[in-house]
Every structure is written in C-alpha cells, then in structure tokens.
Amino acid sequence: MSSSRRNFFQNAAIYGASLLGLNSRLGAATNSGAPQANEKHSAHHHALPTRKVETHAHIPVLTPDVPDLPFTLDGATKVFHLRAEPVKRKIVPFKTVDAWGYNGSCPGPTIQVNQGDRVRIHVENALPESTSMHWHGLEVPIEQDGVPFISQKPIAPGETYTYEFTVHQEGTFFYHAHSAMQEMIGLIGLFIAHPQSPYVPHADHDFGIVLQEWAILPNNSVPNTASMEFNWLTFNGLSAPSVTPLVVRLGSRVRLRFVNLGMDHHPIHLHGHQFVITGTEGGRAPESTWYPTNTVLVGVAQSKVVEFEAKYPGDWMIHCHLPHHMMNSMMDLLRDRQIQTADTTDPRALSQMETLARGIGVEHVHHSPIAENANSIPGFPQDAFMEMSMDNAPGVSKPQTHGLPVNWSAGMMGMMTMVRVLRDKQYDEVQSLIRNQKSPQPEEHRHGS
Ligand SMILES: [Cu+2]
C-alpha cells in the first residue's frame, strides 16, 4: 500500500516535471539508449549556420543502444571521425562478444545528415589489419567507394583515410568495411540522409535497427565469421531481453528502418498493427506502392523502411520470425560446468540450472507450468527450459522497460524487442525517466581501457 502510494507521488512528480520541461515532440525524440549523443547531435544541428530546412521538417532517427556520431563544421562541410577498433559488447547479461566496431560501439554510431550535405569522414584504422569503408547505397565518386585495391589503397593499421562527398540522395543507407569477414565481425553502422522535402505523412517517431548474426561457441567470445550457422541474433548489437524497447505515444505515426548485413534474410514481424513499406535502400518508395502488411523481409545488404499508426495500446512484439532467430544460446549458461543428468525434468538438473542462472542475474528458470506427466510425452521439453526471467539484470532493466509485467523478459530472446504503444501519462513517465537516467549506455568498454 504505502509503496504504491509512494510510487504514485513519484510518478506525479515526474509527470509534472515533464510538463514543465519539454513538449511532446521533444519527448518523442528522447527515447534512445544514448541521449547524450543525441543531445550532441541536435546541438550541432542548432549550430548550423545554413539551416535552410526548418527544424520540424524531420525528427532525428533514434538508434536504440547505439550512439549518434557527432560532427564538426568546416564551413558548410560536416566533418565526422570514425575509428575502426575492437569492441567488447555484452549482448545479454551472460554473454559478451569480442566484436569489431567503430568508436567503441558495435554496430558503429549512426551518421545523420541532410540530403544535399557535403560530408568529410576521417576513417582511422585501429584494427590489427587493413580495412576500408564502403558507403552502401550512396552514389559517390568512384574514388570514394571504399573497395580496397580497386578504388583506393587499403587503410593500413594506424593510418587514417579521408572520404569526402556530397549526399544528393535521401534514405536509409549504411557504412561498412568492404571485406566479408570484417562485415561479419561487426564493422557496420547506419547512414541516414534526411530528405530535403519532408516525407508525407510526417512521422512522430523514427527508429533505426541494424540486424546482425553471430556464431559463437559456449565459453568463447570471438565470433566465427566463417560459420554458416548462427546462435546469436541481435538488434543494434544486443539480443533480447537486453534490446531497448521502442517507446511510442498512442496515436502517433511510427517509422522503423531496418538494415541487414549478415548471411540470412530476416522476416521482421510486428504484432497487433499493419504497416506499409515506405522505403528501401534506394530511398523513399512512392505511396502508390504501399500496401498493408505486418511482416517485412529484410534481405542481406538491404534496408527496409516501414511506417504505421500506433493505434492500439500495449507492448507489441517486433521480431524476426525465423524460429531459430527467436532464441538465445542456452549453452552459454553452462559455461565450464555440465549438468550431471540428461533428464531435464530431474529435480537435480533443475536446481543446477537455477544455481547457474542465478550467477548471471537470471531470477527464475522455468516459468510456465508443466504437466505432471511431462517427461513421458515424446518431444518434451521444447520451450519449457528457455523461459528465464532477467527483468532486473544489468543491461535489461532500464527506463524503457518501466511498467512492464513481472517476468516480461522470460519470453524475450534473440532478434526481438517490443513496440510499447503507451497512453500519454505512461509515455510521459517513461520519457522523463529516460531524461533523468544517469547511465544510459549498456555496460560496454573498449579494449585495453
Ligand atoms: Cu532472422
């Protein structure tokens, strides 16, 4: 009783503060894993001397769990710096990956420019081998195309190469190392070109999501980039339940941009709503091509943009629908230990799983009830032992998960998150929690630091 009353007063205070502070549009633009980076980004936006497009023409794309890449201005040229380097990424509470990325992030930070911008991008190579950068889908002069030995010399370790071009397109592009194994170990990032004439209709929320897949053995952290089979699937470098939910206001229009750089195609499915496909890696699609659907196949090397009206309140799943892409690798829970019995309904096995799981922040194993005679049924178990709640584990609990039902994380795995369509009061509550959070980024650090 007293605790719920305290919560009420807390929430009321937060709600009041949010009314004083920021309007709903700005609130819509702060649902990011990296608000600091976004503040930097918009600060630069406001500093632009030649701001010909008015501020409300577009809202910035938010890439949950990935920062934006800040820039400086040299005259009218936007100057970016990308450093290719090894990155440790805790993709779920019990699995850390030795990936390669940019500026401490995998995928790399999101670049956002306006159509017509001149950009200069310094690419510093802090990898142990040569690399280069390809601007995927962008029409750039051949010497900016980033193919080693064809359009440029490879960038040697320790060297910096400078790319410069004018972005005359609009749409959802990406940058990546032009080497197959380097792509598979994480060297990719989003490149958004906002249109000169705003898209119609206007979107209230705009999210970017990079799809990646990884083959990593238990007790290992280095992805096998030659593998054809993948046991870890990520949205923006995290697997569910660590992926930050997409928080949107009931009644708003939502744009989601997906890019895929891996070995598989991903049918991304949204619950409870129909969307239209409004763009590809080639830019905006004409409205005459839009049709209602709720699953979009994001092929390798493609980007797909979808939009929908968030009409129905609730926490709606959005996920790759390939069944094996909706799983996390349970083998990692075992680490160097073995469960002593093959009988998974054996109480000893259960208690051993519980002990192992508790060590990494899993609160309960095995949530859903099972039948008395479960073990006599051929095929059992299927999902019974995958349901692990880690609601409060580091990297899982965050403002965007505020108000979700207890054990929500038990069913969240792999390439999956939620679109949380929230009514005004709850939406504003979550937004003010996001603004007030102290440590917005999931635990992550560079090698050697
Ligand atoms: Cu998939």
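About the cut-offs
Note on numbering: residues in each chain are counted from 1, in written sequence order. Only residues with pLDDT of at least 70 are given local features in this predicted model, and only at 80 or more are side-chain atom pairs given and counted; all residues enter the totals for whole chains, interfaces and linings. By convention in this description, side-chain values take in all heavy atoms of the structure and omit both hydrogens and water. Keep in mind that water is not among the atoms, so a site may look incomplete; donors are the N, O and S atoms within 2.8 Å of the metal, or 3.2 Å for Na, K and Ca. Exposure classes here rest on a 1.4 Å probe applied to the protein chains alone. A residue is buried below 20% of its type maximum, exposed above 50%, and partly exposed in between. Two strands form a pair only when DSSP identifies at least two bridges running between them. Each helix corresponds to a stretch of at least 4 residues labelled H or I by DSSP, and each strand to a stretch of at least 2 residues labelled E; elements are numbered beginning at the N terminus. Each axis is a line fitted through C-alpha atoms, taken for helices only over the stretch in contact, and angles between the N-to-C directions span 0 to 180 degrees. What qualifies as a polar contact is a pair of N or O atoms within 3.5 Å, subject to a donor-acceptor requirement within protein and to the restriction that residues adjacent in sequence count only when both atoms come from side chains.

A. Geometry of the coordination of the copper ion. His266 (ND1), Cys320 (SG) and His325 (ND1) make up the full set of protein donors to the copper ion, lying at 2.0 to 2.1 Å. Judged by its relative accessible area of 0%, His266 is buried. By relative accessible area, which is 0% here, Cys320 ends up buried.

B. Structural view of the sheet that holds strand S8 (residues 171–177). Spatially, 4 strands are ordered S4-S9-S8-S6 in an open sheet, and the strand pairing comes out mixed. The two strands at the open ends of the sheet, each matched to only one other strand, are strand S4 (108–114) and strand S6 (133–136). Between one strand axis and the next, the sheet turns through 20° on average, direction left out of account. Pairing geometry for S8 and strand S9 (residues 188–194), over 6 bridges, is antiparallel. In the strand pairing of S9, Phe174 is matched with Leu190.

C. Region of interest: the side chain of Asn260. Residue position: Asn260 is located in strand S13 (residues 253–260). For Asn260, a relative accessible area of 0% translates into the label buried. Within the structure, Asn260 has its side chain in polar contact with the backbone oxygen of Val298 (distance 3.0 Å). Of the polar contacts made by the side chain of Asn260, one reaches the backbone oxygen of Gly299; its length is 3.3 Å.

D. The arrangement of the pairing of strand S2 (residues 77–92) in detail. Inspection of the sheet shows strand S1 (residues 72–74) paired to S2 by 3 bridges, in the antiparallel sense. In the strand pairing of S2, Asp74 is matched with Thr77. Hairpin connection from S1 to S2: 2 residues lie between these consecutive antiparallel strands, with Gly75 at a positive phi of about 65°. As paired elements, S2 and strand S5 (residues 118–125) share 8 bridges and run parallel to each other. Bridge pairing in S5 links His81 to His122. Inspection of the sheet shows S2 paired to strand S3 (residues 95–102) by 8 bridges, in the antiparallel sense. Pairing of Glu85 across the sheet is with Gly101, part of S3. If you look at the hairpin formed by S2 and S3, you'll find 2 residues sitting between the two strands.

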